[in-house]
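Listed below, chain by chain, are the residues.
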Amino acid sequence: MRLILAIAILPGLAFAQGTAPEDFGTINPEELTMNKVLEDIAAGRTTMTNCAAGYLMTKSGRHGAARQTFGACADDGYTGAMTWMGYLDNNGFGGAYDPDAAAAWDRRAAEAGDPVGQFNYGLSLLRGYGAAQDTAAGRALIDAAAGAGLPIAQRLQAAGYDLEEVTPDADNWRYAPVN
């Protein structure tokens, strides 16, 4: 009982001595919210946790916020954010549909050694989608991703690089040659 009373009286004593509430800092600051992540991103704080929040933003349909988050994180070297930027551009989420930009993001991730980036950019090269077709370079990147242990790359490799193995037939229209 005495402890509770002392805790209840202490803040009052501080105010009585001329201390204002703002002198104690922010009481109950916003933490672990999308607003806090976006505030951090705007301030240039691209932590792993903030960058990972872009995934939740994307999956919840907040593509503009995801683009802002992944863009800042990609610019700071997070390769996973680069591949997510490719996903956003390839699907027109939070911006224009832009297969060239998507391939460029995946190329950056691939060049940084990211297996998902290697796989994605390898597919772009194999298809000639968003990048000039280069079967040999595409297979080399798929092989690098498979060598790094990426299961889908290993699956494509085992299927003799048959793109039907990894692409649903519903997406074939997208990758068809332009006449």
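The structure this text deals with has already been given above.
These numbers come from a predicted model, not from an experiment.

A. Inspection of the state of the cysteines at higher detail. Under the definition given, this model contains one disulfide. Each sulfur in the disulfide pair Cys51 and Cys73 lies 2.0 Å from the other. On the sign convention where negative is left-handed, the bridge of Cys51 and Cys73, at about -95° about the S-S bond, is left-handed. With a gap of 22 residues between them, Cys51 in helix 3 (residues 48–59) and Cys73 in helix 4 (residues 63–75) connect regions that are remote in the sequence. The same class applies to Cys51 as to Cys73, namely buried.

B. Representation of the packing of helix 2 (residues 34–42) against helix 4 in the model. Look at helix 2 against helix 4: their axes get within 10 Å of each other, and the N-to-C directions meet at 40°. If you check the angle between helix 2 and helix 4, you find them oblique. Handedness of the helix 2/helix 4 crossing: left-handed. Only Ala65, Gln68, Thr69, Ala72 and Cys73 of helix 4 make contact with helix 2, whose side of the interface consists of Val37, Leu38, Ile41 and Ala42.

C. Structural context of helix 8 (residues 135–147). Here helix 8 is 13 residues long and its end C-alpha atoms lie 18 Å apart, about the 18 Å a rise of 1.5 Å per residue gives. Three or more residues of helix 8 are buried, namely Gly138, Leu141, Ile142, Ala145 and Ala146. For helix 8, the angular spread of the buried residues around the axis is 140°, confining them to a single face. Across helix 8 from its buried face, at more than 90 degrees, point the exposed residues Ala136 and Gly147.

D. Molecular detail of the environment of Thr167. Here Thr167 lies in the loop between helix 9 (151–158) and helix 10 (172–175). Separated by 44 residues in the primary sequence, Thr167 and Leu123 have C-alpha atoms spaced 9.9 Å apart. Contact partners of Thr167, with chain neighbours within four places excluded, come to Arg127, Asn172 and Tyr175. At 2.3 Å, the side chain of Thr167 forms a polar contact with the side chain of Arg127.

E. Inspection of the side chain of Ser124 at higher detail. Tracing the backbone shows Ser124 in helix 7 (residues 115–127). The buried category is assigned to Ser124, whose relative accessible area is 8%. Contact partners of Ser124, with chain neighbours within four places excluded, come to Ala103, Tyr129 and Ala131.

F. Structural detail: helix 2. Of all the positions in helix 2, only Met34, Val37, Leu38, Asp40 and Ile41 are classed as buried. Along helix 2, the residues classed as buried sweep out an arc of 160° about the axis, all on the same side.

G. Quick peek at the pattern of salt bridges. With the rule as written, the count across this model stands at seven salt bridges. Here Asp89 ties to Arg67 by a salt bridge, and the two come within 2.9 Å at their closest N and O atoms. Highlighted residues: Asp89 in helix 5 (residues 79–91) and Arg67 in helix 4, separated in sequence by 22 residues. By relative accessible area, which is 6% here, Asp89 ends up buried. Asp75 is the salt-bridge partner of Arg108, the closest N and O atoms lying 3.9 Å from each other.

Conventions adopted
Residue indices follow the written sequence of each chain, beginning from 1 at its first position. Where local features are concerned, this predicted model is filtered to residues with pLDDT of at least 70; where side-chain atom pairs are given and counted, the filter is 80 or more; whole-chain, interface and lining totals use all residues. The side-chain values count all of the structure's non-hydrogen atoms but skip hydrogen atoms and water molecules. Throughout, disulfides are identified as pairs of cysteine sulfur atoms within 2.5 Å of each other. Per the convention used, a helix needs a DSSP run of H or I reaching at least four residues, while a strand needs a run of E reaching at least two, with both numbered from the N terminus. Each residue gets one of three labels from its accessible area relative to the maximum for its type: buried under 20%, exposed over 50%, partly exposed in between, using a 1.4 Å probe on protein chains only. To get an axis, fit a line to the C-alpha atoms, keeping to the stretch in contact for a helix; angles then go from 0 to 180 degrees between the N-to-C directions. The scheme is simple: roughly parallel for angles under 35 degrees, roughly antiparallel for over 145, roughly perpendicular for 65 to 115, oblique for anything else. In this scheme the handedness of a crossing depends on how the near helix is turned from the far one: anticlockwise by less than a right angle means left-handed, clockwise means right-handed. We call two residues in contact whenever any of their non-hydrogen atoms come within 4.5 Å of each other. The length a helix should cover is 1.5 Å for every residue beyond the first. Think of the arc as the fan of directions from the helix axis to the C-beta atoms. In protein, a polar contact means a hydrogen-donor-capable atom and an acceptor-capable atom, both N or O and within 3.5 Å, with residues adjacent in sequence counting only if both atoms are side-chain atoms; elsewhere, any N or O pair within 3.5 Å suffices. For this document, the term salt bridge refers to a Lys or Arg side-chain nitrogen within 4 Å of an Asp or Glu carboxyl oxygen.

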